[in-house]
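The residues making up each chain are set out below.
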Amino acid sequence: MNPWIAVLLGIVQGATEFLPISSTAHLTLSGKVLGLINPAHPEAWTAFIAVMQLGTLAAVVVYFWRDLVVMTTALLRDLRAHGLGFAAYGPDSRLALAIVVGTIPVVVIGFAFKDIIEGVLTKTTAVMAASLIGLALLLWLAERVSRHTRTAAELTWVDALIIGAGQALALIPGSSRSGTTLTAGLFLGLRRDDAARFSFLLSIPAVFASGVFEMTRIDPSVFELGVGNLIIATIVSGVAGYAAIAWLLRYLRSNSTMIFVWYRLALGILLYVLLSQGLIDP
């Protein structure tokens, strides 16, 4: 790897982290094509991606900083005033609690299947292709059946758990964290931009925990790709991620997600074709 490739990976990470097309799939495919994934140490690539996601974490925190301050302030105020009487909480406090509740599934499943997630199986092209196509079909169905009327402020704890379970499915490469949570939100009747907004907010604790977890137990093999390259890729991913958030929220206010459905289908089918012809590593 060199700094220019690090910049490219940062752009790929930032642009695809918040679009429902799977950043892990795009990064892993990029890593395969560029020969960056060491089959003897696949966990090094997993750690590299997890640390690089801290850049996109910074992007979503900066973009929603005002919302986060409002929610935190409201939650602390309601805790002092009402204790555990959650029924009396205001909409900002309930949204903050929904984010906490929605994070539970990914934490439980992430730790339970940590070895599988970090292993070779989740780096296979066939798994990513299947996930790309499978989630595309679910997203298409969600678009068809959704009422597109509910707002994020109307989410219940059960809704949050369902969307959180969707986020846990994103541990399978090719699924997409924003894709699974956006799809779950649409199935629950959320407006597209509200589903995306909650998806982004829900990603904050999960991405933070993942990045910190990898930093505390980072495998020395991750440094095969270069510390400087990792820093460059992380910074670039933050800038690209901020732009992607702004664009997607604006886009979904007046457009459907069908462009992403077709993109995922096309990429998934292309991967299967390349695999069948032996033009890409399994």
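Residues numbered from 1 in each chain as written. Predicted model: local features only at pLDDT ≥ 70, side-chain atom pairs only at ≥ 80, totals over all residues. Heavy atoms only, no water.

Draft legend 1. Region of interest: the overall build of the chain. Of regular secondary structure, the chain possesses twelve helices and zero strands. When its helices and strands are written in sequence order, the chain yields α-α-α-α-α-α-α-α-α-α-α-α. Against the globule reference of 19 Å for 282 residues, the chain gives a C-alpha radius of gyration of 19 Å, in line with a compact fold. Counting across all 282 residues of the chain, residues that qualify as buried make up 52%. By sequence separation, contacts in the chain at least 24 residues apart represent 80% of the contacts at least 6 residues apart. Taken as a whole, the chain presents about 12600 Å² of accessible surface, with 71% of it coming from carbon and sulfur. In the chain, 18 side chains carry a positive charge and 16 a negative one; their mean positions are 8 Å apart. (Helix = DSSP H or I, 4+ residues; strand = E, 2+ residues; numbered from the N terminus. Rg over C-alpha atoms; globule rule 2.2 N^0.38 Å. Buried < 20%, exposed > 50% of the residue type's maximum accessible area, 1.4 Å probe, protein only. Contact = heavy atoms within 4.5 Å. Areas by Shrake-Rupley, 256 points an atom, 1.4 Å probe, with all protein chains shown as cover. Lys, Arg positive; Asp, Glu negative; His and termini not counted. Charge placed at Lys NZ, Arg CZ, Asp CG, Glu CD.)

Draft legend 2. Here's a closer look at empty space enclosed by the protein. Across all of its chains, the model carries one cavity of 30 Å³ or more by this definition. Taken together, Glu17, Phe18, Gln53, Thr56, Leu57, Val60, Ser203 and Val207 make up the full set of residues lining the largest cavity. Sorting the residues of the lining of the largest cavity by element identifies α3 (42–63) and α10 (192–216) as the ones contributing at least two each. Looking at the lining of the largest cavity element by element, the count peaks at four residues for α3. Residue composition of the lining of the largest cavity, by class: four nonpolar, three polar and one charged. (1 Å grid on protein atoms, 1.4 Å probe; cavity = no way out; pocket = protein on both sides within 12 Å on 5 of 7 lines; lining within 4 Å. Points joined across faces, edges and corners; volume = space filled by probe spheres on them. Nonpolar A, V, L, I, M, F, W, Y, C, P; charged D, E, K, R; others polar.)

Draft legend 3. Expanded view of the packing of helix α7 (residues 125–145) against helix α9 (residues 177–187). Two elements in contact, α7 and α9, have axes separated by 8 Å at closest approach and are oriented at 25°. Here α7 lies roughly parallel to α9, going by the angle between them. Regarding α7 and α9, the two cross each other, and that crossing is left-handed. Only Gly179, Thr180, Thr183, Leu186 and Phe187 of α9 make contact with α7, whose side of the interface consists of Leu135, Leu138, Leu139, Leu141, Ala142, Glu143 and Val145. Its residues assigned to classes, the contact of α7 with α9 shows eight nonpolar, three polar and one charged. (Axes fitted to C-alpha atoms, helices over the stretch in contact; angles between N-to-C directions. Parallel < 35°, antiparallel > 145°, perpendicular 65-115°, else oblique. Left-handed = near helix turned anticlockwise from the far one by under 90°.)

Draft legend 4. Region of the structure containing the nonpolar core. In this structure, Val60, Phe64, Ile163, Phe198, Phe200 and Leu201 are the most contacted members of the largest nonpolar core, which totals 47 residues. Setting aside residues up to four positions removed in sequence, Ile163 forms contacts with Leu155, Thr181, Ala184, Gly185, Leu188, Leu190, Phe198 and Leu202. (Core = buried A, V, L, I, M, F, W, Y, C linked by side-chain atoms within 4.5 Å.)

Draft legend 5. Spatial organisation of a nonpolar patch on the surface. A contiguous nonpolar patch, built from Ile104, Val108, Ile109, Phe113 and Leu161 and spanning about 430 Å² of accessible area, is present on the exposed surface. With three residues, the single largest contributor to the nonpolar patch is helix α5 (residues 91–112). Relative to the helices and strands, Phe113 resides in the loop between α5 and α6 (114–118). (Patch = residues over 30% accessible without salt bridge, like charges linked within 9 Å, V, L, I, M, F, W, Y side chains within 5 Å. Salt bridge = Lys/Arg side-chain N within 4 Å of Asp/Glu carboxyl O.)

Draft legend 6. Region of interest: the side chain of Gln167. Tracing the sequence through the fold places Gln167 in helix α8 (residues 157–169). Once residues lying within four places of it in the same chain are set aside, the contact partners of Gln167 are Gly102, Val106, Arg177, Thr180, Thr181, Leu202, Ser203 and Ala206.

Draft legend 7. Seen up close, the packing of α5 against α8. Remark: α5 packs on α8, axes separated minimally by 7 Å, with the N-to-C direction vectors making an angle of 35°. Considering the relative orientation of α5 and α8, their crossing is right-handed. Every residue of α8 that contacts α5 at Leu97, Ala98, Val101, Gly102, Pro105, Val106 and Ile109 is listed here: Trp157, Ala160, Leu161, Gly164, Ala165, Gln167 and Ala168. Looking at the contact of α5 with α8 residue by residue, the class counts come to eleven nonpolar, three polar and no charged.

Draft legend 8. Looking closely at the pattern of salt bridges. Counted under the stated rule, the structure contains five salt bridges. Among the salt bridges present, the one from Arg177 reaches Glu17, with a minimum N-O distance of 3.5 Å. Taken together, the residues Arg177 in helix α9 and Glu17 in helix α1 (residues 3–17) connect sequence positions 160 residues apart. Each member of the pair, Arg177 together with Glu17, is buried. Arg191 is the partner of Asp194 in a salt bridge, and the nearest nitrogen-oxygen pair spans 2.6 Å. Judged by its relative accessible area of 8%, Asp194 is buried. The exposure class assigned to Arg191 is partly exposed, which follows from its relative accessible area of 35%.

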